[in-house]
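The lines below spell out each chain.
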There are 2 protein chains.
Amino acid sequence: MKYPAILVEFTKSHDVGDLKKSMIGEQIVLGGWIEDLRKMGKMVFVTLRDASGRCQIIAKDQAGEDVSKMTRQSVIRVQGTIQETRARDFDFEIKANHIQLLTAAIHPLPVDPIGRVQSNIDTRLNHRALDMRNQRTSSIFHIRHVALQSIRSHLADRFTEITTPKIIGSASEGGANLFSLEYFGRTAYLAQSPQLYKEQMTMGLERVFEVSNFYRAENSHTGRHLTEFTSVDIEAAFMDYTDVMTTLESMICRVFKDISDLCTVPLANLAHELAVPSAPFEVITYQDALDELQEEGHDLSFGDDLQDAHLRIVGKNHPGFYFLTDWPMSLKPFYIMGRDDNPDISKSFDLQYGYLELSSGGTRLHDASTIRGRLIQQGLNPEQFADHLEVFGWGMPPHSGWGMGLDRLMTILTGTDNVREVVLYPRDTDRLLP
Amino acid sequence: MKYPAILVEFTKSHDVGDLKKSMIGEQIVLGGWIEDLRKMGKMVFVTLRDASGRCQIIAKDQAGEDVSKMTRQSVIRVQGTIQETRARDFDFEIKANHIQLLTAAIHPLPVDPIGRVQSNIDTRLNHRALDMRNQRTSSIFHIRHVALQSIRSHLADRFTEITTPKIIGSASEGGANLFSLEYFGRTAYLAQSPQLYKEQMTMGLERVFEVSNFYRAENSHTGRHLTEFTSVDIEAAFMDYTDVMTTLESMICRVFKDISDLCTVPLANLAHELAVPSAPFEVITYQDALDELQEEGHDLSFGDDLQDAHLRIVGKNHPGFYFLTDWPMSLKPFYIMGRDDNPDISKSFDLQYGYLELSSGGTRLHDASTIRGRLIQQGLNPEQFADHLEVFGWGMPPHSGWGMGLDRLMTILTGTDNVREVVLYPRDTDRLLP
């Protein structure tokens, strides 16, 4: 879409990133913000930035309002002509006939979007809109944009996208840490995952996926947890856990390849070199992990969960992507299937990146009476799951699936190690809960 | 992705929809559910359905478990060979060597997914997983899947996808009808729209979009309102309302074209003929609508809102897509800009489809003091918007945008006239709020 020739008072004809040296002589209208400004004699040199890039504007100081008095980060509109330049950093420059101030920025600004003055993350989050002019920050969100399109392109051919309810009537996995709200005189909850809904949907749609926000009422500040997070979920009938591991693995490889191909500038802004992984990923069992820990002097028994400190040790041995399989059933939710040859071991996996858990999945139970038994075993009340269990009597296909935390994947894709960097407004920002 | 040759106990080698006559002689493994079953002598004829289609299976009654005793909608796995058929309705059939019952369906089922016995919508929603085997229902969600991919493909080239918070600290548009929840000892709300966040994001990202769920605490049962709905939102710096109208118009045309091209079978299942609209859409002003209403004997004054009954009259004159522009400022939210030549008229629009309002948008105010004045004028407290107003001092670009209700669009795309048909689990279903 190109803009019409007759322009409204604040529209533009081109993004800066659309301009090329071959356009020298063309008349254009740009819109953006003042990144830098220098007065030299009667001329003013303005570095204009928009979301697509930056360029140099050269103007007489009276080309419109008093240009040299404009504050940095103010929004301007420039009418001018592309011409040759003698500047080292640019291939061309814009000779302005008119510069119009659209919005003046206050001075001084609470954070420096050029990044010359570093602000800590809390200060930046409290001024997130301005922080979005920092090339590092906007690069993170451009990478996230490409990751989202890449994930959905990969899944959309064989999986049907669904939108499950986020306001739910009861605890979907029987878990704690749910936000509750009043729903017309009744108590409802915010969903932690689409687990039960996506399982139910395999009955008719077979293979489904969802990319959506879910909620966890855990007031932690680890840099790896969020109360409102983005999850990528799939569920597929007639697949077992090894099949959905393949789907996950190929999706991860695709996303890394796409980011690597399409996000060279954002990655350079972040000074992040992305190593594109290749399939198959290494597979180690829970028992392998226990053995590795034993060698490091950590004595764990079958059934013990792997704590953060343990995963950091295992992660050192396996710094990239790897699957951790064969978890004890006792550590897995009620809907996970046990192995036929050893009912204490689950048909499940975690996808790890070093010490970081990115995804959990497995083969689900599809037999109502087995699920009922597992609910009781885990101290849950089958009556609370009556509606869900009833569905399994209508002809539920065997199915498998996984959920993946997008925010954690984003920390790997961007080389940041804090989920608060990759979320627009993390909910622990005081500013937004006045 | 094709499945490996060695299959797990419940995986399949092909979807039914992948089979072709040219594959006669090939050995395959299918998984699906029994749509129909007839015994003829020692042979059993099974109509097997999966999400991709249906085919005929012919088996000796002892090919595995006792096939003729299996209930309809039970899930089975069939190993067999593709062969010629004499059946009129099929191009080939599967001669089964083995049929394995994976999950038996109870008999009788609470709804008939073949649709021979019609159930009302509440009954179907209360058994949504089984209802998803109804070709009409699954067709709606296949169309929704294609619509979602189409919308994002159209926007993703020029707009950056964002995910705004859904748990917010204060009323984002100062409106009523918010769900409130307890957030670690404080009161928070569920967002009704991404309005303020998406406006703020234009500061650095310029053009953003979001497709997400939002929440409205309105306990209505009109078939056009939902408490949890899906909204498509864009916001763009350096565009005015006519620019974003063009973006909306081209997106709508693209979605209709894609559905028309890619969803011939789902549309046929719904017996819905889709008329692909073409740009430009008709534009009528609010005053035009008042004049049309006057002719029909409805005497409205400038400033009166158009009620449902009025829109039905106007919609009769304009049965397809049209823009309704030049609304009085008094009917518009505080963030909408007034016209320069007449400050009582707003730079805004609704996109209508007959009587149905699909989208609202406009040019936003970008000057903090004007916004402050509008807040006061509308009886809102600028102090509650202090964080938002502060952002406008950092150099906010002029910007415009719109929000579109995806669920309403879906009722048009599928020829249903009830939003409850196009949502997986509408929240007024008693079943899910026990």
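One can find the structure itself at the top, above this paragraph.
Residues numbered from 1 in each chain as written. Chains lettered and ligands numbered in written order. Predicted model: local features only at pLDDT ≥ 70, side-chain atom pairs only at ≥ 80, totals over all residues. Heavy atoms only, no water.

## Focus on the sheet that holds strand E4 (residues 75-83) of chain B
All names here are of chain B. In plain terms, the rule: At least two DSSP bridges between two strands are required for those strands to pair. Per the convention used, a helix needs a DSSP run of H or I reaching at least four residues, while a strand needs a run of E reaching at least two, with both numbered from the N terminus. Each axis is a line fitted through C-alpha atoms, taken for helices only over the stretch in contact, and angles between the N-to-C directions span 0 to 180 degrees.
What the five strands build is a closed barrel, ordered E1-E2-E3-E5-E4; its pairing is mixed. The average angle at which neighbouring strand axes cross in this sheet is 50°, direction not considered. Across seven bridges, the pairing between strand E1 (residues 27-40) and E4 is antiparallel. Of the residues in E4, the one forming a bridge with Gly32 is Ile76.

## Structural notes on the pattern of salt bridges
Applicable threshold: Just to be clear on terms, a salt bridge is a Lys or Arg side-chain nitrogen sitting within 4 Å of an Asp or Glu carboxyl oxygen. We call a residue buried when its accessible area falls under 20% of the maximum for its residue type, exposed when it is over 50%, and partly exposed in between, using a 1.4 Å probe and counting protein chains only.
Going through the model one piece at a time under the given rule, you end up with 54 salt bridges over all chains. A salt bridge links Arg49(A) to Glu35(A); its shortest N-O distance comes to 2.4 Å. Of the two residues, Arg49(A) is situated in strand E2 (residues 43-50) and Glu35(A) in strand E1 (residues 27-40); the sequence distance between them amounts to 14 residues. Judged by relative accessible area, which is 10%, Arg49(A) ranks as buried. Looking at Glu35(A), the relative accessible area reads 10%, which means it is buried. Among the ionic contacts, a cluster of salt bridges with common partners joins Lys12(A), Asp15(A), Asp50(A), Glu206(B) and Arg207(B).

## Description of the packing of helix H3 (residues 135-156) of chain A against helix H5 (residues 241-262) of chain A
Residues and elements named next belong to chain A. We count it as follows: Each angle is binned into one of four classes, with values under 35 degrees roughly parallel, values over 145 roughly antiparallel, values of 65 to 115 roughly perpendicular, and all other values oblique. Handedness of a crossing is defined here by the sense of rotation of the near helix relative to the far one, left-handed for an anticlockwise turn of less than a right angle and right-handed for a clockwise turn. Whether two residues are in contact is decided by their heavy atoms, any of which lying within 4.5 Å being enough. Side-chain classes are defined by residue name, with Ala, Val, Leu, Ile, Met, Phe, Trp, Tyr, Cys and Pro counting as nonpolar, Asp, Glu, Lys and Arg as charged, and the others, Gly among them, as polar.
Here H3 crosses H5 at 140°, and the two axes come no closer than 9 Å. Looking at the two axes, H3 sits oblique to H5. As H3 runs across H5, the sense of the crossing is right-handed. Contacts between H3 and H5 involve Ile143, Val146, Ala147, Ser150, Ile151, Ser153, His154 and Leu155 on the former and, on the latter, Thr247, Ser250, Met251, Arg254, Val255, Asp258, Ile259 and Leu262. Broken down by class, the residue content of the contact of H3 with H5 amounts to nine nonpolar, five polar and two charged.

## Some details on the interface of chain B and chain A
Our working rule: Once two parts are brought into contact, the accessible area they lose, counted with a 1.4 Å probe and summed over both, makes up the buried area. We call two N or O atoms a polar contact when they sit within 3.5 Å, provided that within protein one can donate a hydrogen and the other can accept it, with sequence-adjacent residues counted only if both atoms are side-chain atoms.
Between chain B and chain A, the residue contacts involve 107 residues of the former and 106 residues of the latter. At the boundary of chain B with chain A, total buried surface from both sides reaches about 9,200 Å², with 59% on carbon and sulfur atoms. In this structure, the salt-bridge partner of Lys12(B) is Glu206(A), at a minimum N-O distance of 2.7 Å. The interface formed by chain B and chain A includes 34 residue pairs in polar contact (both at pLDDT 80 or more). It is helix H3 (residues 135-156) of chain B that provides the largest number of residues to the side of chain B that touches chain A, a total of nine residues. Split into classes, the residues belonging to the side of chain B that touches chain A amount to 51 nonpolar, 30 polar and 26 charged.

## Some words on the sheet that holds strand E6 (residues 160-161) of chain A
Residues and elements named next belong to chain A. Read across the open sheet, the eight strands follow the order E6-E10-E11-E16-E15-E14-E13-E12; overall the sheet is mixed. Of all strands in the sheet, those with a lone pairing partner are E6 and strand E12 (282-285), marking the two edges. Here strand E11 (residues 228-237) pairs with strand E16 (residues 399-405) via seven bridges, running antiparallel. Across the sheet, Val232 pairs through a bridge with Met404, a residue of E16. Packing of H5 onto the sheet brings it into contact with E11, E12, strand E13 (321-325), strand E14 (348-353), strand E15 (356-363) and E16, and relative to E16 it is tilted by some 35°. Contacts between helix H11 (residues 406-414) and the sheet are confined to E11, E14, E15 and E16, with E15 contributing the most and set at about 135° to the helix.

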